[in-house]
Each structure stands twice: as structure tokens, then as C-alpha cells.
Amino acid sequence: MLGNFTYHNPTKLYFGKDAMNFLALELVQYGPRVMLIYGGGSIKRNGIYDKVVKVLSDCGKTVVEDPGVMPNPTYAKLLQGCKIAKDSDVDLILAVGGGSVVDYAKGVASSAWCEEDPWTHYWMNGRMPSCKTIPVGCVLTMVGTGSEMNGGSVITNTDKGLKVGANFGPENYPKFSILNPEFTYTVPRYQMVAGFYDIMSHIMEQYFSGTDDNTSDYMSEALMRSLVHSSRIAIKDPEDYEARSNIMWTATWALNDAIGCGKSQDWMVHMIGQAVGAHTDATHGMTLSAVSMAYYGMILPHAVEKFKRFAINVWDVSPDGKDDMKIAKEGLRCLEGWMKEIGVALGLKELGVTEEMIPDIADSTFIIETSYKTLTRDDVEKVLKESLK
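Everything quoted here is computed from the prediction, not taken from an experiment.

Participant: Would you mind going over the overall build of the protein with me for this structure?
Facilitator: Check the secondary structure of the protein and you find 15 helices and eight strands. For the protein, whose C-alpha radius of gyration is 20 Å, the value lies close to the compact-globule estimate of 21 Å for 389 residues. Referenced to the eigenvectors of the C-alpha coordinate spread, the extents of the protein come out at roughly 70 × 45 × 40 Å. Buried positions account for 58% of the 389 residues belonging to the protein. Partitioning the contacts of the protein with sequence separation of at least 6, the portion at a separation of at least 24 is 79%. Of the roughly 15700 Å² that the protein leaves accessible, carbon and sulfur atoms contribute 50%. Of the side chains in the protein, 37 bear a positive and 48 a negative charge, and the two mean positions are spaced by 2 Å.

This is the structure:
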């Protein structure tokens with residue numbers, strides 16, 4: 001394990017069927033004004049909203065609400081949230097929902113008191129907050145992003161046609177997160193499986209980097225095996241508690257910085273997928289699945305040994321009588337087979353992308369350095385065109 005790193009994750013997690021019992025213990029540590037952020041209203045239909053509001057009321061909190069966070073939260077919406085938070089001088093932001101809601105909450109928390117233009121300061125220039133920030137707590141209702149235990153905040157600027165992630169430091173991670181796997185039962189199947197693939201992509205984009213023998217890779221392989229196993233159960237029985245709890249825990253560990261330790265990482269699937277999302281408003285996990293096979297097909301010749309390891313250790317591909325390239329390609333076919341099995345998008349046409357849109361999507365893709373092959377803008381366009389087939 002050759003990399004140098006510092007690992008610090010301050011988020012406190014409460015996990016399990018009784019996790020909500022601890023919300024009150026956290027709320028009493030903050031002032032009286034709480035901003036309650038949530039999405040399109042599903043938490044009102046499934047009863048989670050009433051549970052949360054009761055705890056807030058019992059704790060004597062004054063609640064100001066910011067509903068209507070969309071699956072791909074926009075910068076315009078974020079500015080509205082910043083005004084609510086600042087005008088009410090809230091002491092805590094409580095995000096109740098999935099990753100988009102939590103990402104948005106972290107964005108509001110760091111932007112409400114920012115004197116610069118937040119989009120330029122955080123999302124384009126990658127700077128850390130120097131202003132007052134607002135603590136964030138989370139009650140998670142959908143898994144996938146890992147946002148409950150990291151500093152990520154992905155926001156779409158519709159005016160600029162960009163979807164970009166800011167990565168805030170540990171001081172801006174959620175202070176606490178409530179994870180009850182039963183709260184994920186009512187997520188629609190399409191969103192559920194998109195979340196499953198988002199988890200897998202998070203792991204793979206850290207795993208497919210470097211050539212050293214790294215403990216983080218062994219952890220990643222175990223998480224991927226667990227995800228594949230539990231996802232096969234969950235698609236047949238979405239209320240299988242054991243499967244959904246394992247998936248929820250895997251999602252958290254997939255992106256709480258732990259398995260990235262000592263890794264150079266490769267986030268180009270996310271960069272391309274986010275560009276697709278900016279132009280289509282498609283579900284995030286589906287944008288990742290739609291471009292993954294084309295991307296990894298391009299990368300594989302530059303990292304045959306790692307893809308071979310992936311095939312053997314994650315998918316139990318037998319190496320007997322096969323050369324390294326054949327084993328590596330068989331691993332990718334296993335990945336594709338699992339994607340078909342759970343029902344995620346396998347191409348961009350499923351998301352409404354047309355050939356005419358490809359140049360603009362390629363132009364808005366942020367290209368970052370990777371371990372095996374750093375893409376050019378033309379490479380991105382090739383991946384996108386291949387993903388249309």
C-alpha cells in the first residue's frame with residue numbers, strides 16, 4: 001500500500017430499525033431553529049415526515065421548511081434555500097430524503113453565508129468554506145450516494161448546462177445520520193436499482209486505479225460481492241430487511257472516503273454521467289450505468305491485470321485455460337450481466353440522448369487525470385457514441 005493519506009470522518013451514524021430513537025438526542029445539541037429539507041413529498045405519503053416532525057416538536061424546535069428538492073438539485077433552487085436559511089438564521093439543517101436532498105442540504109449549509117458567488121467559489125474553483133456554515137443532520141430514505149457520510153454536494157447549473165460536485169471537508173460532513181433500512185422500502189423500483197448501480201460505480205471508480213497491493217482494494221472487492229448478492233435478493237423482495245440493510249451499509253462505506261485511502265482513483269464515469277445528467281435530467285445512477293461498459297471497455301487494455309483481478313475476486317471467473325485478457329473481458333461481461341439482471345440502463349438512448357447531443361455533452365464533461373488512461377475530449381466523445389449503440 002504505497003499511498004500517503006489522512007483519514008478523518010466525523011459523521012456519527014445511528015443504524016437499524018431503532019435508529020430514529022436517537023434523533024432527539026442529537027437535536028438537543030443544537031439551537032431552536034431547524035430548517036427541514038425534503039423532496040417531492042413522498043416522505044409525507046409514507047409517514048416518515050410525521051415521525052420526524054413529531055420528534056422536532058417534542059424537542060421544542062421551531063421548524064422552517066424547504067420542500068421540493070428535485071432529483072438533480074439545481075443551483076437556482078439552492079439559492080432559494082440559502083435565502084430561507086439565512087433569513088431564518090437557522091441553527092441546524094435536517095435533510096430527510098435521499099442523496100439529492102442531502103447533497104443539496106450540504107450545499108445550502110456552506111453557501112447561505114458565503115459572501116462570494118457560491119457556484120464559482122465552491123463548484124467551479126473547488127474552494128473550502130471560510131464563512132460561517134450551518135451544521136447538517138440527515139435522516140436517510142434512499143441509498144446510493146453515500147452523501148450521509150461525506151462532503152459531496154452535486155448541483156446542476158441549468159443556465160450553464162453543467163452538473164458539478166463540490167467536495168467539502170470533514171467539518172462540513174453531516175454531524176449525524178439516521179439510517180433505518182425500513183425507510184428505503186417505499187423507493188420506486190427504478191430509483192432503487194439506480195441507487196444499486198451508483199453504489200457499484202462508486203466502488204469501481206476507486207478500485208480501478210493503481211497497481212500496488214492495497215488493502216483498500218480487498219475492502220472494495222468484499223463490498224462489491226456483498227452488493228451483488230444482496231441486490232439479487234432485493235429485486236425479488238424489496239422488503240427483505242437483511243438485504244436492504246446490507247445494501248444501505250455498503251452504500252455508506254462505498255463513499256465515506258475509507259476505500260479511497262491510498263488510491264489515485266478514477267472518477268471519469270461520474271464525470272461523463274454527470275454531463276449526461278446536465279443535458280437530460282436523467283436519474284444519476286442510470287447515467288453511470290449507460291456509459292460504464294463503453295468506458296471500461298476503453299480502459300481495459302491499459303489495466304488488464306486489474307480487470308483480471310476484478311473478474312476472479314468479484315465474479316468468481318475461473319482462470320483455467322484462459323489468458324489474462326480473456327479473463328478480464330469475462331469479468332466485464334459478468335458486470336454487464338448483473339446490470340441486465342437488476343434492470344439498469346445499458347445505453348444512452350434509454351435516457352433520451354441523441355447523436356446530435358453528443359458534442360455538447362462531451363464539451364461539458366470535466367476531464368480528470370486517471371491511473372490507466374487519461375481521456376481526451378475525443379475519447380469522451382467516443383465513449384458517448386459507443387454508449388448510444
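Read on, since the account is not over.
Participant: Any chance you could explain the packing of helix H12 (residues 304–315) against helix H13 (residues 324–342) here in plain terms?
Facilitator: The angle between the axes and the distance between the axes are what describe a pair of packed helices. With their axes 8 Å apart at the nearest point, H12 and H13 run at an angle of 55° to one another. Regarding the angle of H12 to H13, the classification is oblique. Regarding H12 and H13, the two cross each other, and that crossing is left-handed. Contacts from Val304, Glu305, Phe307, Lys308, Phe310, Ala311, Ile312 and Trp315 in H12 reach Asp324, Met325, Ile327, Ala328, Gly331, Leu332, Cys334, Leu335 and Trp338 in H13. When grouped by side-chain class, the residues that make up the contact of H12 with H13 number 13 nonpolar, one polar and three charged.

Participant: Quick question: what am I supposed to make of helix H10 (residues 268–280) here?
Facilitator: Note that an α-helix has 3.6 residues per turn; residues three or four places apart therefore point the same way. With 13 residues, H10 should reach 18 Å at 1.5 Å per residue; the first-to-last C-alpha distance of 18 Å fits that figure. Burial of H10 is extensive: 11 of the 13 residues sit out of reach of the surface. Every buried residue of H10 is accounted for by Met268, Val269, His270, Met271, Ile272, Gly273, Gln274, Ala275, Val276, Gly277 and Ala278. Summarising the contacts, the buried residues of H10 are in contact with strand S6 (152–157), strand S7 (162–167), helix H7 (189–207), helix H11 (284–299), helix H14 (358–363) and helix H15 (377–388). Immediately beyond the C-terminal end of H10, within one or two residues, lies Asp281, with a positive phi of roughly 60°.

Participant: Hey, could you run me through the pattern of salt bridges in this one?
Facilitator: Pairs can form between side chains of opposite charge whenever their charged atoms are close. Per the counting criterion, the structure on display carries 20 salt bridges. Between Glu381 and Arg377 there is a salt bridge, with its nearest N and O atoms 2.2 Å apart. Of this pair, Glu381 and Arg377 both sit in helix H15, four residues apart, roughly one helical turn. Given a relative accessible area of 28%, Arg377 falls into the partly exposed group.

Participant: Whenever I open this one, helix H3 (residues 48–58) confuses me. Can you help?
Facilitator: Inspection of H3 places Ile48, Tyr49, Val52, Val55 and Leu56 among the buried residues, and these make up the whole buried set. For H3, the buried positions fall inside an angular range of 135° around the axis, keeping them on one side. More than 90 degrees from the buried face of H3, the exposed residues found are Asp50, Lys54, Ser57 and Asp58. Summarising the contacts, the buried residues of H3 are in contact with helix H1 (23–27), strand S2 (33–37), helix H2 (42–45), strand S3 (62–66), strand S4 (92–97) and strand S5 (136–140).

Participant: Looking at this structure, I do not really get the sheet that holds S2. What am I missing?
Facilitator: Pairing between sheet strands relies on hydrogen bonds along the backbone, with the strands arranged either parallel or antiparallel. In space, the six strands of this open sheet follow the order S1-S8-S5-S4-S2-S3, with parallel pairing throughout. Across the chains shown, the open sheet's two edge strands, defined by having one partner strand only, are strand S1 (12–15) and S3. On average, each strand axis in the sheet is tilted by 20° relative to the strand beside it, whichever way the strands run. Seen against the sheet, helix H9 (residues 241–254) touches S1, S5 and strand S8 (176–179) and runs at an angle of roughly 170° to S1.

Participant: Honestly, the packing of aromatic side chains in this entry has me stumped. Any pointers?
Facilitator: Two descriptors summarise a pair of aromatic rings, namely the distance from one centre to the other and the angle between the planes of the rings. A full pass over the atoms with the stated rule returns 20 aromatic pairs. Pairing Tyr295 with Tyr296 gives two aromatic rings, centres 5.4 Å apart and planes at 70°, and the pair type is edge-to-face. As far as the burial class goes, Tyr295 and Tyr296 line up, both buried. Taken together, the aromatic side chains of Tyr197, Tyr207, Phe208, Tyr295, Tyr296, Phe307, Phe310, Trp315 and Trp338 make up a single cluster linked through ring pairs. Between Lys17 and the ring centre of Tyr241, over which it is positioned, the NZ or CZ distance is 4.6 Å. For the cation-ring pair, Arg309 lies above Tyr218, with the distance from its terminal atom to the ring centre recorded as 4.5 Å.

What counts and how
Residues numbered from 1 in each chain as written. Predicted model: local features only at pLDDT ≥ 70, side-chain atom pairs only at ≥ 80, totals over all residues. Heavy atoms only, no water. Helix = DSSP H or I, 4+ residues; strand = E, 2+ residues; numbered from the N terminus. Rg over C-alpha atoms; globule rule 2.2 N^0.38 Å. Buried < 20%, exposed > 50% of the residue type's maximum accessible area, 1.4 Å probe, protein only. Contact = heavy atoms within 4.5 Å. Areas by Shrake-Rupley, 256 points an atom, 1.4 Å probe, with all protein chains shown as cover. Lys, Arg positive; Asp, Glu negative; His and termini not counted. Charge placed at Lys NZ, Arg CZ, Asp CG, Glu CD. Axes fitted to C-alpha atoms, helices over the stretch in contact; angles between N-to-C directions. Parallel < 35°, antiparallel > 145°, perpendicular 65-115°, else oblique. Left-handed = near helix turned anticlockwise from the far one by under 90°. Nonpolar A, V, L, I, M, F, W, Y, C, P; charged D, E, K, R; others polar. Expected span 1.5 Å × (residues − 1). Salt bridge = Lys/Arg side-chain N within 4 Å of Asp/Glu carboxyl O. Arc of directions from axis to C-beta. Pairing = 2+ DSSP bridges. Phe/Tyr/Trp six-rings, centres within 6.5 Å; stacked < 30°, edge-to-face > 60°. Lys NZ or Arg CZ within 6 Å of the ring centre and 35° of its normal.

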